[in-house]
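# Chains, contacts and geometry: an overview
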2 protein chains.
Amino acid sequence: MIEGVHFDRSWISLQDIGWRAAAAALSDVAAMAGRPLGILLSLGVPEADAGSAVVEVQRGAEALCQEEGVQVLGGDLARSPGPLFLDVVAVGETDQPVLRSGGEEEDELWVTGRLGGSALAVSGWAQGHSPPERARAAFARPRPRLREARWLADHISFKAMVDLSDGLAGDAGHLAAASGLSVVLDAEAIPLHEDFDPSARVGGKALHMALTGGEDYELLFAAAPGSMDPRRDAFEERFGVLLTRVGTLSAGSGVFLATPDGEVRPLEKGGFSHFQGRKNG
Amino acid sequence: MIEGVHFDRSWISLQDIGWRAAAAALSDVAAMAGRPLGILLSLGVPEADAGSAVVEVQRGAEALCQEEGVQVLGGDLARSPGPLFLDVVAVGETDQPVLRSGGEEEDELWVTGRLGGSALAVSGWAQGHSPPERARAAFARPRPRLREARWLADHISFKAMVDLSDGLAGDAGHLAAASGLSVVLDAEAIPLHEDFDPSARVGGKALHMALTGGEDYELLFAAAPGSMDPRRDAFEERFGVLLTRVGTLSAGSGVFLATPDGEVRPLEKGGFSHFQGRKNG
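Residues numbered from 1 in each chain as written. Chains lettered and ligands numbered in written order. Predicted model: local features only at pLDDT ≥ 70, side-chain atom pairs only at ≥ 80, totals over all residues. Heavy atoms only, no water.

For the pair chain A and chain B, the best superposition has an RMSD of 0.0 Å and corresponds to a rotation of 180° with a translation of 0.0 Å parallel to the axis. The operation mapping one copy onto its partner corresponds to a two-fold rotation axis. The position closest to the rotation axis in chain A is occupied by the C-alpha of G82(A), lying 2.3 Å away. When the interface residues of chain A are mapped onto chain B, 100% of them are again interface residues, pointing to one common binding face. (Least-squares fit on C-alpha atoms with pLDDT ≥ 70 in both. Contact = heavy atoms within 4.5 Å.)

Shown next as structure tokens:
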């Protein structure tokens, strides 16, 4: 995570930056239903920030680790002649990793939580105003779905899972492609972040952010038809996290969006390209 | 490893940069006598370098991995608005990690290879001329002492080990401090890189570089008195690598240098400070 590319210090605190980088890395462990063991935190820090920035960023990463019952196991520190940057590696273990390639035809796609909050916050900052508090928190203090993922692995017939770092459209596409299938997402079903103006859905702005915004760090997984419904209440009650069926895997390839008017249209590739930077298309 | 801090592209190729970062990380696995499993390579790449630089750096890292029989297991890629930078995490395993804290009073300190080559190369570049080829290779294409470390762990009564990333004085100091002891280094014994001018020892420049230059990625280890001597020939024959006794652990604290005139003087802390950058004191 690089200053000026993935975050801006006028948006969030140095502690948030540490928390967020640790959360993003641990979210990859969650996506495989792994048990987290800890993180390695490497920091490149501009000379002017030397002492305090290092402490603040570490403190944020440690706070998230404490929440998840893991530790900062090690890392490295260097002077950066450019921006502040972090590289976090999460260490986890599992005997049965859930891969993205296990989806089967007719599997249901489910998602945890609500989507688009991070994108909503970034959009606010980009326009020069403070985003709503919950959207800000979605960006600044995401929680990797570690416990949720392990519960799911224990309780349902699991096929494939990813975490939502690139946006629902992109990550559903990754899961479908890895499974040799296509995916149809149901526009009406997609759970939008609470802070979206109800009118925003009409114009499609909220839906667009949920589909392409990225960095929600929710889980998207494929489950055998009918296997999730009987356990949804238990999940939502236990974790206080919404669980929503958002689509279906089918033969073929590509990502499609089914709209209320009965249309099914292909989605362009969107989301976050790690090389080209954020796309606000 | 950050451009402008740890390397300069006018010194070495992008493939060298990848090799070197991978070697430095795997050297930490060697220092614990671990079995390497692979590396994770994260790259921050300026926009202007996009395609080719990524391929070149990866190719260099893969070449070193192939030499060591391991793989690039994963990593990440981001656009850097500043310099090119790399973060490499090495993954290894061991049932009996050799730590730096196990040194005992009267243990002998031994070092593999010859020291100061990297510093000699950097000093050449800094003065605007091309360094001798072997010194250049010591900087650009270091070999982590993975096989050597495991052989040593199998064949001698091991106490403590570090790899030389900060320079002999600094790293011997780390080992001694972790073991609650002091260390006396024997100035005459320190094996200097082949490319040093024989006259350089007189002025102390070569010795200074060997003591504080860093980035030699040789092993420094503590062995019970007399335990290494009978096995030295076997080691040198097997690996074609020099093995030299350079000092002794004693009660107390600090790092001292014994000179031919019989003087024993404390060494100032030198070597490479990861935050302040290279010190050519």
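Okay, the nonpolar core next. Residues and elements named next belong to chain B. One finds L109, L152, L185, I190, L211, L220 and F221 to be the most contacted residues of the largest nonpolar core, which totals 85 residues. It is helix α1 (residues 14-31) that contributes the most residues to this core, 11 residues altogether. In this structure, L152 is in contact with F158, L219, F221, M228, F235 and L243, ignoring residues within four places of it in sequence. (Core = buried A, V, L, I, M, F, W, Y, C linked by side-chain atoms within 4.5 Å. Buried < 20%, exposed > 50% of the residue type's maximum accessible area, 1.4 Å probe, protein only. Helix = DSSP H or I, 4+ residues; strand = E, 2+ residues; numbered from the N terminus.)

All names here are of chain A. At a minimum axis separation of 11 Å, helix α5 (residues 146-155) and helix α9 (residues 229-239) run at an interaxial angle of 155°. On the basis of their axis angle, the class for α5 and α9 is roughly antiparallel. Helix-helix and strand crossings are classified by hand; for α5 and α9 the assignment is right-handed. For the pair α5 and α9, contact is made by R147, E148, W151, L152 and H155 and by R231, A234, F235, R238 and F239, respectively. Among the residues forming the contact of α5 with α9, the class breakdown is 5 nonpolar, 1 polar and 4 charged. (Axes fitted to C-alpha atoms, helices over the stretch in contact; angles between N-to-C directions. Parallel < 35°, antiparallel > 145°, perpendicular 65-115°, else oblique. Left-handed = near helix turned anticlockwise from the far one by under 90°. Nonpolar A, V, L, I, M, F, W, Y, C, P; charged D, E, K, R; others polar.)

Let's shift gears to the pattern of salt bridges. Here the structure, examined in full by the defined rule, presents 36 salt bridges over all chains. Linked through salt bridges whose partners overlap, the residues forming this network are E67(A), E68(A), R143(A) and R147(A). (Salt bridge = Lys/Arg side-chain N within 4 Å of Asp/Glu carboxyl O.)

What follows concerns the packing of helix α3 (residues 117-126) of chain A against helix α4 (residues 133-140) of chain A. Residues and elements named next belong to chain A. Axis separation between α3 and α4 bottoms out at 7 Å; the angle between their running directions is 105°. In terms of their interaxial angle, α3 and α4 are classed as roughly perpendicular. Where α3 abuts α4, its residues G117, S118, L120, A121, V122 and W125 lie against A135, R136, A138 and F139.

The subject of this paragraph is the side chain of S80(B). Mapping S80(B) onto the fold places it in strand β2 (residues 71-80). For S80(B), a relative accessible area of 3% corresponds to the buried category. A distance of 3.0 Å separates a polar side-chain atom of S80(B) from the backbone nitrogen of G82(B). Apart from the residues lying within four places of it in its own chain, the contact partners of S80(B) are I2(A), G44(B), V45(B), P46(B), E47(B) and F85(B). (Polar contact = N/O pair within 3.5 Å; in protein donor to acceptor, adjacent residues only side chain to side chain.)

With that out of the way, let us pick up the pairing of strand β6 (residues 182-186) of chain B. Note: β6(B) against strand β8 (residues 243-250) of chain B, 4 bridges, orientation antiparallel. When the bridges of β8(B) are listed, V184(B) appears paired with T248(B). (Pairing = 2+ DSSP bridges.)

At the junction of the two partners, chain A supplies 22 residues and chain B supplies 22 residues. When the two sides are added together, the surface that chain A and chain B hide from each other amounts to roughly 2,000 Å², 70% of it contributed by carbon and sulfur. Across the contact surface, chain A and chain B share 0 salt bridges. Connecting chain A to chain B are 2 residue pairs in polar contact (both at pLDDT 80 or more). (Buried area = accessible area lost by both parts, 1.4 Å probe.)

Residue and element names in this part refer to chain B. Burial analysis of strand β1 (residues 35-46) places 9 of its 12 residues in the buried class, the great majority of the element. In terms of strand pairing, β1 meets strand β3 (residues 85-93) through 9 bridges, oriented antiparallel. Paired with L41 across the strands is V88, a residue of β3. As paired strands, β1 and β2 are joined by 9 bridges and run parallel to one another. Paired with P46 across the two strands is S80, which belongs to β2.

All names here are of chain B. Strand order in the open sheet formed by 7 strands is β5-β7-β4-β8-β6-β9-β10, and the pairing between neighbours is mixed. With one partner strand each, in any of the chains shown, β5 (158-163) and β10 (264-266) form the two edges of the open sheet. Taking each pair of neighbouring strands and ignoring which way they run, the sheet shows an average axis angle of 30°. Together, β4 (108-112) and β8 form the strand contacts of helix α9 (residues 229-239), whose direction differs from that of β8 by roughly 145°.

Turning our eyes to something else, we now look at unusual backbone geometry. All names here are of chain A. Despite not being glycine, E106 has its phi angle at roughly 75°, a positive value. Although it is not a glycine, E215 adopts a positive phi angle of roughly 60°. Relative to the helices and strands, E215 is located in the loop between α8 (205-212) and β7 (219-223). The buried category is assigned to E215, whose relative accessible area is 6%.

With that out of the way, let us pick up helix α6 (residues 168-178) of chain B. Residues and elements named next belong to chain B. Within α6, 8 of the 11 residues are buried, leaving the element largely enclosed by the surrounding structure. If you check which residues of α6 are buried, you get L168, A169, G170, D171, A172, G173, L175 and A176. Positive backbone phi, at 70°, marks G180, one or two positions downstream of α6.

A few words on the packing of aromatic side chains. Applying the stated criterion across every chain yields a total of 15 aromatic pairs over all chains. With a centroid separation of 5.9 Å and 70° between ring planes, the pair formed by W11(A) and F139(A) is classed as edge-to-face. Within this pair, whereas W11(A) is found in the segment before α1 (14-31), its partner F139(A) is found in helix α4, the two being separated by 128 residues in sequence. Accessibility assignment for this pair places W11(A) and F139(A) in one class, buried. For the ring pair W11(B) and W125(B), a centre distance of 5.1 Å and an interplane angle of 5° mean the geometry is stacked. Here the residue W11(B) occupies a position in the segment before α1, and W125(B) occupies one in helix α3 (residues 117-126), the gap between them amounting to 114 residues. Overall, the relative accessible area of 13% leaves W125(B) in the buried class. Following the ring pairs from residue to residue traces out a cluster consisting of W11(A), W125(A) and F139(A). (Phe/Tyr/Trp six-rings, centres within 6.5 Å; stacked < 30°, edge-to-face > 60°.)

Everything listed is a geometric property; what it means functionally is a separate question.
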